[in-house]
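Listed below, chain by chain, are the residues.
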Amino acid sequence: MPSSRWWLYVQAVVWRFLMRIGMFLHDVTPPRPPRPAFVRTIPTGSGQVRLCFYTPPNYLNIRKEGRRLPVVVNFHGGGFTLGCPTDDSRWAQCVLGEVGAVLVSVGYRRAPEHPFPAAVDDGVLALQYLAAHAVELGLDVSRIALSGFSAGGNLAITVPLRLRSILNEQQQQQHQHQQQQQQDQQDALEPHSSPPNTGPYDSTQQLVSAASTSELNIVALFCWYPILDFEESRDHRRAMSLMPSKTLPAFFTDLFDESYLPTHEERISPYASPVHATDEILADALPHDIFFFICEWDMLLKEGQVFVRRLQNINKHVRAMMIEKAPHAWDKSPNPFRDQDSVDILYRDACADMKHIFGA
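Let me sum up the structure you'll find in this document. (Residues numbered from 1 in each chain as written. Predicted model: local features only at pLDDT ≥ 70, side-chain atom pairs only at ≥ 80, totals over all residues. Heavy atoms only, no water.)

Digging into the overall build of the chain
Helix and strand content of the chain: twelve helices and eight strands. Over its C-alpha trace the chain gives a radius of gyration of 22 Å, about what one expects of a compact globule, namely 21 Å for 360 residues. Based on the C-alpha atoms only, the size of the chain along its principal axes is roughly 80 × 50 × 40 Å. Within the chain, the proportion of its 360 residues that are buried is 51%. Excluding contacts between residues fewer than 6 apart, the proportion of contacts in the chain whose partners are at least 24 apart in sequence is 81%. For the chain, the exposed surface amounts to about 16,800 Å²; the carbon and sulfur share of it is 54%. (Helix = DSSP H or I, 4+ residues; strand = E, 2+ residues; numbered from the N terminus. Rg over C-alpha atoms; globule rule 2.2 N^0.38 Å. Buried < 20%, exposed > 50% of the residue type's maximum accessible area, 1.4 Å probe, protein only. Contact = heavy atoms within 4.5 Å. Areas by Shrake-Rupley, 256 points an atom, 1.4 Å probe, with all protein chains shown as cover.)

Structural notes on the nonpolar core
Among soluble globular proteins, nonpolar side chains are generally buried collectively. Counting 62 residues, the largest nonpolar core has Leu51, Leu130 and Phe292 as its most contacted members. Excluding anything up to four places from it in sequence, Leu130 contacts Leu51, Phe53, Val71, Val73, Val104, Leu137, Leu139 and Val141. Counting residues in hydrophobic clusters, the runner-up holds 31 residues, among them Leu96, Ile323, Cys351 and Met354. (Core = buried A, V, L, I, M, F, W, Y, C linked by side-chain atoms within 4.5 Å.)

Section: the sheet that holds strand 8 (residues 317-323)
Pairing in this open sheet of eight strands is mixed, and the strands run 1-2-4-3-5-6-7-8 from one edge to the other. Pairing within the sheet leaves two strands with one partner each, and these edge strands are strand 1 (38-44) and strand 8. Strand-to-strand twist across the sheet, computed as the mean angle between neighbouring axes with direction ignored, equals 20 degrees. Relative to strand 4 (residues 102-107), strand 3 (residues 69-75) runs parallel, the two being bridged by five bridges. Residue pairing for strand 4: Val73 is matched across the bridge by Val104. Packed on one face of the sheet, helix 12 (residues 340-358) meets strand 3, strand 5 (139-149), strand 6 (218-224), strand 7 (289-295) and strand 8 and runs near 170 degrees to strand 6. (Pairing = 2+ DSSP bridges. Axes fitted to C-alpha atoms, helices over the stretch in contact; angles between N-to-C directions.)

Details of the packing of helix 3 (residues 89-98) against helix 12
Two elements in contact, helix 3 and helix 12, have axes separated by 9 Å at closest approach and are oriented at 45 degrees. Comparing the axis directions of helix 3 and helix 12 gives the class oblique. Pair helix 3 / helix 12 crosses with right-handed handedness. Between helix 3, through Arg90, Trp91, Cys94, Val95 and Glu98, and helix 12, the contact on the second element is made entirely by Gln340, Tyr347, Arg348, Ala350, Cys351, Met354 and Lys355. (Parallel < 35°, antiparallel > 145°, perpendicular 65-115°, else oblique. Left-handed = near helix turned anticlockwise from the far one by under 90°.)

Let's talk about the packing of aromatic side chains
On inspection of all chains with the given rule, the structure shows 22 aromatic pairs. Seen from their ring centres, Phe80 and Phe230 are 6.1 Å apart, and the 50 degrees between their planes marks the pair as tilted. One end of the pair, Phe80, is in the loop between strand 3 and helix 3; the other, Phe230, is in the loop between strand 6 and helix 8 (234-240), with 150 residues separating them in the sequence. Assessed through its relative accessible area of 2%, Phe80 is described here as buried. Taking the relative accessible area as the measure of exposure, Phe230 reaches 5% and is therefore buried. The residue whose ring lies beneath Arg162 is Tyr271, and the NZ or CZ to ring-centre distance is 5.4 Å. (Phe/Tyr/Trp six-rings, centres within 6.5 Å; stacked < 30°, edge-to-face > 60°. Lys NZ or Arg CZ within 6 Å of the ring centre and 35° of its normal.)

Points about the pairing of strand 3
Most of strand 3 is tucked away: seven of the seven residues are buried. Two elements, strand 3 and strand 5, share six bridges in a ladder whose sense is parallel. Bridging from a neighbouring strand, Asn74 pairs with Ser147 of strand 5. With helix 3 bridging strand 3 and its parallel neighbour strand 4, the resulting β-α-β unit is right-handed. (Right-handed = clockwise from strand over helix to strand, strands pointing away.)

So this is what it looks like as structure tokens:
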């Protein structure tokens, strides 16, 4: 690892430790949020993806009866560098109580050890895993909502874009595979035919993956103060903010951006910066119902507002709420004397919309 990457890693380890202390203080105040009911681990080539399952009280009975519950797939924040899947346990508590859905919080691989596009690909892998194990886990994957906070809000948007791309690639492979089979059959009928082609399209691995995701249906996105554009300068966004002193400091944003996207050319990828996706891709990949919760004192406020208008212009049903006099990640305060009730009101409001969409 080059020295610069090594230094980013050292900083990340220190801040991860401090964030764990902060999240302990965040969770210690009553009512205590739930812990995951169980955890599944998906191995990858360079690590693993952890899926933390939060389940309603009647989950085991529903599974035994062969019924299925809708699913909320959640992505935690932390600039793709910090955080863990249990950080949003208070959000999970609200989803369980108000919606009765299963919440699966994704522990994607973090930067700088695993830079872009690891987190996005892990999100796709999580969805494919849930689709492949839906019967076993009692999940109705035709009713999936994605939620995410900060970096996780970015993933709630970019994962469907990446999933669309992968499914299109798999469909092309399947088409080529079928064409090759037809050609092999024709060649077999001809005298002195050549041996059947044993190229990569003879493997059914990608085709099985495509089949397992065919039932996936993302019905809504719930994005909490997401970052949407890595190309625009943080300094510029900070200077243009309503309260620059309330925005994330440069030592945090530099750590996040350099860890996750060290190659600046990749910052305009739609799988990193969804503002760079075409209207056609956004219209095709994203669900009809999209909810944004953005903070007035956040440097990400304006890009969120612009993106909301763009989604409305392509006929998405978008509800956007600006949380007044609130900084980025206002709902994750470690202050034990914070006003948690004001946060829970917005959580419950989002859950009411989610329950309506699920038809629960």
